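Here is how the chains run, residue by residue.
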Amino acid sequence: MRKFFYSGLLAVALAVGAYSPAMSQSSFENWHMLDMQTDGKPGISAIKAYNELLKGKTSTPVIVAIIDSGTETFHEDLKANIWVNPNEIPNNGIDDDNNGYIDDVHGWSFIGGKGGDISWDNLEITRIYRDYKMRYGNVTDESSLSKEDKKGYKRYLELKQEFERRKQEADLNRMQYAMIMLFYKKAKEDIAKAMGKEDYTLEELEQYEPTDDYMKTAKEIMIADLEENVMEQLKEVENHFTGAADFQLNLSFDPRSMVGDNYDDVNERYYGNNHIDGPEAEHGTHVAGIVGAVRNNGIGMDGIADNVQLMIIRCVPNGDERDKDVANAIRYAVDNGARVINMSFGKSFSPQKEAVDAAVQYAAEKNVLLVHAAGNDSKNIDKEPNFPTDKYANGKKCATWLEIGASDQYINSLPASFSNYGKKNVDVFSPGVDIYATLPNQKYGNNSGTSMAAPVTAGVAAVIMSYYPELTAKDIKAIIMKSAVKYKNTKVTMPGNPDKKVKFKKLSVTGGVVNLYEALKLAETWKPGSAK
């Protein structure tokens, strides 16, 4: 599932009065491009790298596949860098290059078909539990079951407990949101009465002196509304909570018929459509911009990579992506020339993991680097499941896979509070908080998540490949990890536990943050093919 750590969730704290100005720190736009030594920000030193190491050097184009929710390919700051399939004639209804996909000019969608384009889908636990419930939901006497069915029935009861817990939580969240909206609307109404008008300025509101604690909270909410557009953020929260209850955890909802494939055939490859912008393209548009928004064009923002082609592959709905689609998306990217694949999605269950493993292994054999977001649940993924993963069923690991945690711009909170972590399974951290990039409808804005940290790393990988094309995917992985700026002994706040301090080295393999400047310096002396 694609998942921002929504800035809109701050609105919940605002509405219940938990917010105070001292809790927030101002965000420095494009901080992820800055340098710790010269700018005081633990970014990737991209500006420094371009100014000092890459001037006058030539590069070759690198195709980066964005496997995501869809991307606004006509965005003013992206369209020049969108990959074009050289052997496909647009909109002629013919598979000109005989790759099995008709009119795949800029990429492909595995979650669309003649029936339309999927927006919302179930969580994987919903799909699995639905299947188990059909088999075991009417069992009244466990003793009558075979030995094999007893195992299945036990699994059914485990899934039922977890599903019902999540469903209860989703319903509670939706109810709390309704209460928050009532609070917000009342605060807005009462402040308007106190001000004597509905249309007031921020300066006027700041001069207003509340007489009780409730009005002080109401004032703070309305200040945030004027400064941060809280109503827009609350709409995001509503969409998230409503969708979780109505679609993601709804046993009666299954949109797959829209695609028209034989879903039970995990080996089926040729289905979908070319609607790669998708019905909801915010996540994928933001991710694509981080990697490869056009640099130095005087508009919007600069992507990290300066000679990149963005291949757009849609397989991630509002819900959990399906293993079959993930496997096919990876294979499509590899077969059509991608050297880097960005995967800003994840989930807790993977019923068709073998298909994904086979695709990942295929990518590794074809010298493709896979960059995956570690997830936003503040959990240790050494101990708790998070898919897809670099570990195959036989225990071996993909040698061209990078697992990325999200870092913040402040040293004391270097790991983002929401980021997953793992001394064994997270390779390195990368900037992922308040990252400014492209949004649909020709817009720009900040988003946070390991979903942002992964494309920062993918962008770094693309730059290295572009200027050092002889390096292998294994080389690139090794260079990024070895050159990461180390904060091993820095004590930081533990993700998910604000009262606990740990050494940063305990949260990842490297104990470091991705850095383009240092990576390029190392690439300059790296012997191609030397990474194992």
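Provided above is the structure to which this section pertains.
On a predicted model such as this, the values are computed, not experimentally measured, just so you know.

Our next topic: the environment of Tyr436. Structurally, Tyr436 can be placed in strand 10 (residues 435–439). Judged by its relative accessible area of 16%, Tyr436 is buried. Non-local contacts of Tyr436, meaning those with residues more than four positions away in its chain, are made with Glu29, Asn30, His32, His286, Gly300, Met301, Tyr444, Gly445 and Asn446.

Spanning 19 residues, helix 8 (residues 230–248) covers 25 Å between terminal C-alpha atoms, matching the ideal 27 Å at 1.5 Å per step. Along its length, helix 8 shows its largest kink, about 25 degrees, at Thr242. Residues Val230, Gln233, Leu234, Val237, Phe241, Gly243, Ala244, Ala245 and Gln248 constitute the buried set of helix 8.

What follows covers the nonpolar core. Ranked by size, the top nonpolar core spans 68 residues in total, and within it Val64, Leu310, Val463, Ile464 and Leu516 carry the most contacts. At 12 residues, helix 12 (residues 450–467) tops the list of elements feeding residues into this core. In this structure Leu310 touches Val64, Ile66, Leu78, Asn81, Ile82, Trp83, His106, Ala288, Val291 and Gly292, once residues within four positions along its chain are discounted. With 36 residues, the next largest nonpolar core counts Tyr271, Met311, Ile341 and Leu370 among its residues.

This part is about the packing of helix 10 (residues 323–335) against helix 11 (residues 353–365). Their axes nearest at 8 Å, the elements helix 10 and helix 11 cross at an angle of 15 degrees. In terms of orientation, helix 10 lies roughly parallel with respect to helix 11. Between helix 10 and helix 11 the crossing geometry is left-handed. Contacts between helix 10 and helix 11 pair Asp323, Val326, Ala327, Ile330, Arg331, Val334 and Asp335 from the former with Lys353, Ala355, Val356, Ala358, Ala359, Val360, Tyr362 and Ala363 from the latter. Looking at side-chain class alone, the contact of helix 10 with helix 11 contains 11 nonpolar, no polar and 4 charged residues.

A word on the packing of aromatic side chains. Taken as a whole and assessed by the stated rule, the structure comprises 16 aromatic pairs. Here the aromatic rings of Tyr101 and Tyr332 are separated by 5.2 Å at their centres, their planes lie at 80 degrees, and the arrangement is edge-to-face. Here Tyr332 lies in helix 10 and Tyr101 lies in the loop between strand 1 (62–68) and strand 2 (107–109), a separation of 231 residues in the sequence. Of the two residues, Tyr101 and Tyr332, both sit in the buried class. Between the aromatic rings of Tyr487 and Phe504, the centroid separation amounts to 6.4 Å while the plane-to-plane angle is 80 degrees, which identifies the pairing as edge-to-face. Here the residue Tyr487 occupies a position in the loop between strand 12 (485–486) and strand 13 (491–494), and Phe504 occupies one in the loop between strand 14 (497–503) and strand 15 (512–513), the gap between them amounting to 17 residues. Of the two residues, Tyr487 and Phe504, neither departs from the other in class, the shared state being buried. Three or more aromatic residues joined by ring pairs make a cluster, and in this case those are Tyr101, Trp108, Phe110, Tyr270, Tyr271 and Tyr332. The ring of Tyr271 is capped by Lys324, whose NZ or CZ atom sits 4.8 Å from the centre of that ring. A cation over an aromatic ring shows up here: Arg331 above the ring of Tyr362, its NZ or CZ 5.0 Å from the ring centre.

Here the focus is a negative patch on the surface. A cluster of like negative charges, contributed by Glu203, Glu206, Glu227 and Glu228, occupies part of the molecular surface. Breaking the negative patch down by element, the ones donating at least two residues are helix 6 (202–207) and helix 7 (213–228). The topology assignment puts Glu203 in helix 6. Take Glu203: its relative accessible area is 49%, and that puts it in the partly exposed class.

The next point concerns the pattern of salt bridges. Scanning the entire structure with this criterion turns up 26 salt bridges. A salt bridge links Arg322 to Asp254, with the shortest nitrogen-to-oxygen separation between them at 3.2 Å. Of this pair, Arg322 sits in the loop between strand 5 (308–314) and helix 10 while Asp254 sits in the loop between helix 8 and helix 9 (282–292); the two residues are 68 residues apart in sequence, bridging distant segments of the chain. Using a relative accessible area of 2% as the deciding quantity, one classes Arg322 as buried. Note on Asp254: relative accessible area 41%, which makes it partly exposed. Lys347 is the salt-bridge partner of Asp323, the closest N and O atoms lying 2.8 Å from each other.

Thresholds, definitions, all that
- Residue indices follow the written sequence of each chain, beginning from 1 at its first position.
- For this predicted model, a pLDDT threshold of at least 70 governs which residues receive local features, and a threshold of 80 or more governs which side-chain atom pairs are given and counted, while totals over whole chains, interfaces and linings are taken from all residues.
- Neither water nor hydrogens contribute to the side-chain values; these are computed over all heavy atoms in the structure.
- Put simply, DSSP H or I for four residues or longer makes a helix, DSSP E for two residues or longer makes a strand, and each gets a number counted from the N terminus.
- Accessible area is worked out with a 1.4 Å probe on protein chains only. A residue is then buried under 20% of its type maximum, exposed over 50%, and partly exposed in between.
- In what follows, a contact means two residues having at least one pair of non-hydrogen atoms within 4.5 Å.
- In a helix, the anticipated span is given by 1.5 Å times the number of residues less one.
- Two axes enter the definition of the bend at a residue: one is fitted to the seven residues ending there, the other to the seven starting there, and the bend is the angle between them.
- Buried Ala, Val, Leu, Ile, Met, Phe, Trp, Tyr and Cys residues form a nonpolar core when they are joined through side-chain atoms within 4.5 Å.
- Helix axes are fitted to C-alpha atoms over the stretch in contact, other axes to C-alpha atoms as well, and angles between N-to-C directions run from 0 to 180 degrees.
- Should an angle lie under 35 degrees it is considered roughly parallel, over 145 roughly antiparallel, and from 65 to 115 roughly perpendicular; all remaining angles are considered oblique.
- Left-handed is the label given to a crossing in which the near helix is rotated counterclockwise from the far helix by less than a right angle, and right-handed is the label when the rotation is clockwise.
- Charged residues are taken to be Asp, Glu, Lys and Arg, nonpolar residues to be Ala, Val, Leu, Ile, Met, Phe, Trp, Tyr, Cys and Pro, and polar residues to be all remaining types, Gly included.
- The pairing test for Phe, Tyr and Trp rings, Trp by its six-membered ring, is centres within 6.5 Å, and the orientation test on the planes gives stacked under 30 degrees, edge-to-face over 60, and tilted for anything in between.
- Here, over-ring charges are defined by two tests on the NZ atom of lysine or the CZ atom of arginine: distance to the ring centre within 6 Å, and angle to the ring normal within 35 degrees.
- By definition, no residue in a patch forms a salt bridge, and every one has over 30% relative accessible area; like charges are joined within 9 Å, nonpolar side chains (Val, Leu, Ile, Met, Phe, Trp, Tyr) within 5 Å.
- Surface exposure here means Shrake-Rupley accessible area, sampled with a 1.4 Å probe, where a residue is shielded only by the protein chains that are shown.
- For this document, the term salt bridge refers to a Lys or Arg side-chain nitrogen within 4 Å of an Asp or Glu carboxyl oxygen.
- Positive charges come from Lys and Arg, negative ones from Asp and Glu, while His and the chain ends are left out of the count.
- A single reference atom marks each charge: NZ on Lys, CZ on Arg, CG on Asp, CD on Glu.

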